[in-house]
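Commentary on secondary and tertiary structure
For reference, the chains in residue letters:
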Amino acid sequence: MAKFVTPENNKKAVFPVFPVPIYINRLTDDREFNQELVQKVETLRNSDPEGVEICKKEYRNGYTSFFSLNQIQKDAEFSEITEQILRHGRFFAQTMGFSTENPPLNLTTMFGTITSKGCHHELHRHRNSLISGTYYVSANKTSSRISFLDPKAGFRMHEPGGQTGQTIFSNLEFSVQPQSGLIVMFPSFLEHRVEMQQNDIPRVGITFNLDLIRDEDC
Ligand SMILES: [Fe+2]
């Protein structure tokens, strides 16, 4: 009789293919830098009555300069964080197999966001972009999380149930808890949402989109 291996003895027989990359890294622990950046985002809001007005309809209980001042990467006030986002963005793009030289990786939009209590952001994708992300300027362990959905979810026509537990192959959703100093990046096609902010302390972030695009086309 032939000898057969038992499947349990080879844990490496099942391996992930086509994984979705999410970049999560601490960009800095410098509290002073983050405090100054919070003030800059607040100054941005205070100088943007048009954006504040739009947000009353489009971003309830919060402020984002996405609709009004979404080119802050060109503002000298934000030059230091811009440089760091590009640096981490290039690394992430290269890890995904992209060349970031010609055309270079550039910020196409960058905007400040203040998520106050009761604010949330429904499921969405960032169109016409390669990489999207947020640098969390001010957040703590109870700030609203960002949740990503499995891009294969639409193919799950057959869901028999009976799963014995969550594995990397069955997870439908993956959430990240923001913290001050954390940078999170993901492929722009990945659907995500921001849960309801329950915390009285507003969550402050700088959100951005990156693409491989010539400098003169930015
Ligand atoms: Fe988003």
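Description of the structure in this document.

Cut-offs applied
Residues numbered from 1 in each chain as written. Predicted model: local features only at pLDDT ≥ 70, side-chain atom pairs only at ≥ 80, totals over all residues. Heavy atoms only, no water. Buried < 20%, exposed > 50% of the residue type's maximum accessible area, 1.4 Å probe, protein only. Helix = DSSP H or I, 4+ residues; strand = E, 2+ residues; numbered from the N terminus. Pairing = 2+ DSSP bridges. Donors = N, O, S within 2.8 Å, 3.2 Å for Na, K, Ca; no water. Contact = heavy atoms within 4.5 Å. Salt bridge = Lys/Arg side-chain N within 4 Å of Asp/Glu carboxyl O.

1. A closer look at the pairing of strand β8 (residues 182–187)
With 6 of its 6 residues buried, β8 lies for the most part within the structure. Every second residue of β8 is oriented toward a common face, with Leu-182, Val-184 and Phe-186 on one face and Ile-183, Met-185 and Pro-187 on the other, all of them buried. Summarising the sheet, strand β1 (residues 23–26) and β8 pair through 4 bridges and their orientation is antiparallel. Note on β8: the bridge partner recorded for Tyr-23 is Met-185. Across 5 bridges, the pairing between strand β5 (residues 131–138) and β8 is antiparallel. Across the sheet, residue Tyr-135 finds its bridge partner in β8, namely Ile-183.

2. Some thoughts on the coordination of the iron ion
Protein coordination at the iron ion comes from His-124 (NE2), His-126 (NE2) and His-192 (NE2), with a distance range of 2.1 to 2.2 Å. In terms of primary sequence, the donors binding the iron ion are separated according to H-x1-H-x65-H. Of this pair, His-124 sits in strand β4 (residues 121–124) while His-192 sits in strand β9 (residues 192–194), and the two are 68 residues apart along the sequence. Overall, His-124 belongs to the buried group, its relative accessible area being 18%. Overall, His-192 belongs to the buried group, its relative accessible area being 3%.

3. Thoughts on the environment of Leu-107
Following the sequence through the fold, Leu-107 ends up in strand β3 (residues 105–115). With a relative accessible area of 5%, Leu-107 lands in the buried category. Taking the C-alpha atoms as reference points, Leu-107 and Val-176, separated by 69 residues in sequence, lie 23 Å from one another. Setting aside chain neighbours within four positions, we find Leu-107 in contact with Gln-73, Thr-82, Ile-85, Leu-86, Phe-208, Asn-209, Leu-210 and Cys-218.

4. Thoughts on the pattern of salt bridges
Within this structure, the stated rule accounts for 8 salt bridges. The closest approach of N and O atoms between Glu-173 and Arg-193, which form a salt bridge, is 2.9 Å. With Glu-173 in strand β7 (residues 173–176) and Arg-193 in strand β9, the pair connects residues that are 20 residues apart, well separated along the chain. For Arg-214, the salt bridge goes to Asp-217, with nearest N and O atoms at 3.0 Å. Among the residues examined, Arg-214 registers a relative accessible area of 44% and is labelled partly exposed.

Any functional reading would require information that these geometric values do not contain.
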